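Now for the letters of each chain:
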2 protein chains.
Amino acid sequence: MSLHDATAVELIGPGRYRATIAAGWDIAGNANGGYLLAIAARAITDATGQPDPLTITGHYLAPGRPGPVTVDVDIARAGRRHATASAIMRADDRPLLVALATTTDLHTASGPERVDRAPPVLPAPPDCVAVVATDTFPPPFMGQVELRLHPDDAGFFEGRRSGEPRMRGWFRLPHGEPIDAHALVVATDAFPPTVFNADLPVAWTPTVELTAHVRGLPTPGWLACAFRTRFITGGYLEADGEIWNGDGHLIAQSRQLALVPRSR
Amino acid sequence: MSLHDATAVELIGPGRYRATIAAGWDIAGNANGGYLLAIAARAITDATGQPDPLTITGHYLAPGRPGPVTVDVDIARAGRRHATASAIMRADDRPLLVALATTTDLHTASGPERVDRAPPVLPAPPDCVAVVATDTFPPPFMGQVELRLHPDDAGFFEGRRSGEPRMRGWFRLPHGEPIDAHALVVATDAFPPTVFNADLPVAWTPTVELTAHVRGLPTPGWLACAFRTRFITGGYLEADGEIWNGDGHLIAQSRQLALVPRSR
């Protein structure tokens, strides 16, 4: 199933959408967080009539399992250029996710340009390490996206952590599916956790909050991505992400705050 | 008026709070965005019964002027360790701000520690440049906080932009007022815009969205702060902030997305 179909929403009442968490988009049974946020984004862009989530924040309340959900959208303001709305996703009245977004049409974006950062330096995709989905680890979700990890960041699969809490690599969708602004939201949470490369006894990092800024529209082909954690303190960590077009333009930034449970 | 008093909220109905945007917390007549978000945070922490905004996002809909506002808080989930709620601030039924936050008690935070960043290197506060409020520029808001800017970043006051879109300096509250997690939310938006140091024809950058992560509790004294913009593209910019205790511990991170209007 394409990402577009797996994030489809259907209006069933005033501000109320029906969607389905598809099977196979999970990590150990729980739906990927970026995927859930993209469903909420689809409902918000539909409700506001603006095509692109410019900035969206999700707070995660409970794990999402395959099956039907509702998304209730509440528009706070709808202007000519921007609209702002919150949304809550529920499964059987159990809240899974609250989101807050401002939407716009990125095709019309223009302004002065100054960039003080370069894209990540990555070997070409064939020289990177493909992440292949399994029933356990790597998780089924990895079958819904195509990742090629920087070889220096991929040793953790064989127990060799790089010691640097980062993940760099290429992202695209299978079967040549085009990447739109909603798919970029998925991309901001599609890579293995940065902490898999830290020398710490941490096995998983459930997301508390994820914010994505969509700064431009993707061009066809692989996207260059880099995720990095600088602060693991007090039971939490942040992970900062950048997503770049093949032509060297930044198209998304993300930051998430995650829990750092002690393992075992 | 102390920051604590200027952000006070009073419960007036189920989930509904009354507050007052105080005079003198403005930039050119519009209330500072971090100040408005701190009022929303006060309502959310009161409603959820958790003392600290761990992560809070605000989307700005209309400028805030001095006078009464209401804040309606909607709790999505209240757990033992975390609670999540959204809030909308209105003046005369006109929405000013929508916020989404997860709250906790940071006194109980613990976990493994790994930090890959150092605090900003700043001259001692007496060797930095004090920002003094005026009726115009610097704006009245600067009288509500105490800022000491790094001399390399303060030349813009005399028309000498550093060429680097960043602002570094010290923050504290006047009259020895203690800084709590809510005041940290103010600190994330208290410095002059980073773009004042860029060689671009940009005079102001209205905030679309501001997210603050409160990662620790402040110790008494000056806080070391650094704000930096890396991507000015397509009519938007991001500004990333870090706030550090005097003892060298990171206590807050922030990122905002702002509009980059062309000036004149």
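Here the structure is shown first, and the text comes after it.
The following refers to the structure shown.

### Concerning the overall build of chain A
A count of helical and extended segments in chain A gives three helices and 17 strands. A burial count over chain A gives 62% of its 264 residues as buried. Of the contacts made within chain A by residues no fewer than 6 positions apart, 66% connect residues no fewer than 24 positions apart. Counting every atom, chain A has about 10200 Å² of accessible surface; 51% of that belongs to carbon and sulfur.

### Considering helix α2 (residues 33-48) of chain A
Residues and elements named next belong to chain A. In this model α2 runs 22 Å from its N-terminal to its C-terminal C-alpha over 16 residues, within 8% of the 22 Å that 1.5 Å per residue would give. Where burial is concerned, most of α2 is hidden: 14 out of the 16 residues are buried. Of the residues flanking the start of α2, the one acting as N-cap is Asn32, its side-chain oxygen 2.9 Å from the backbone nitrogen of Gly34. Of the residues one or two after α2, Gly49 is the one with positive phi, at around 75 degrees.

### Things to note about the pairing of strand β17 (residues 250-259) of chain A
All names here are of chain A. Among the 10 residues that make up β17, 10 are buried, leaving the element largely enclosed by the rest of the structure. Here strand β13 (residues 207-214) pairs with β17 via seven bridges, running antiparallel. Each bridged residue has a counterpart across the sheet, and for Ala212 the counterpart in β17 is Ser254. Alignment of strand β16 (residues 236-244) against β17, held across nine bridges, turns out to be antiparallel. In the strand pairing of β17, Trp244 is matched with Leu250.

Reading the values: the criteria
- Residues numbered from 1 in each chain as written.
- Chains lettered and ligands numbered in written order.
- Predicted model: local features only at pLDDT ≥ 70, side-chain atom pairs only at ≥ 80, totals over all residues.
- Heavy atoms only, no water.
- Helix = DSSP H or I, 4+ residues; strand = E, 2+ residues; numbered from the N terminus.
- Buried < 20%, exposed > 50% of the residue type's maximum accessible area, 1.4 Å probe, protein only.
- Contact = heavy atoms within 4.5 Å.
- Areas by Shrake-Rupley, 256 points an atom, 1.4 Å probe, with all protein chains shown as cover.
- Expected span 1.5 Å × (residues − 1).
- Polar contact = N/O pair within 3.5 Å; in protein donor to acceptor, adjacent residues only side chain to side chain.
- Pairing = 2+ DSSP bridges.

Honestly, that's just the spatial picture; any functional story needs more than this.
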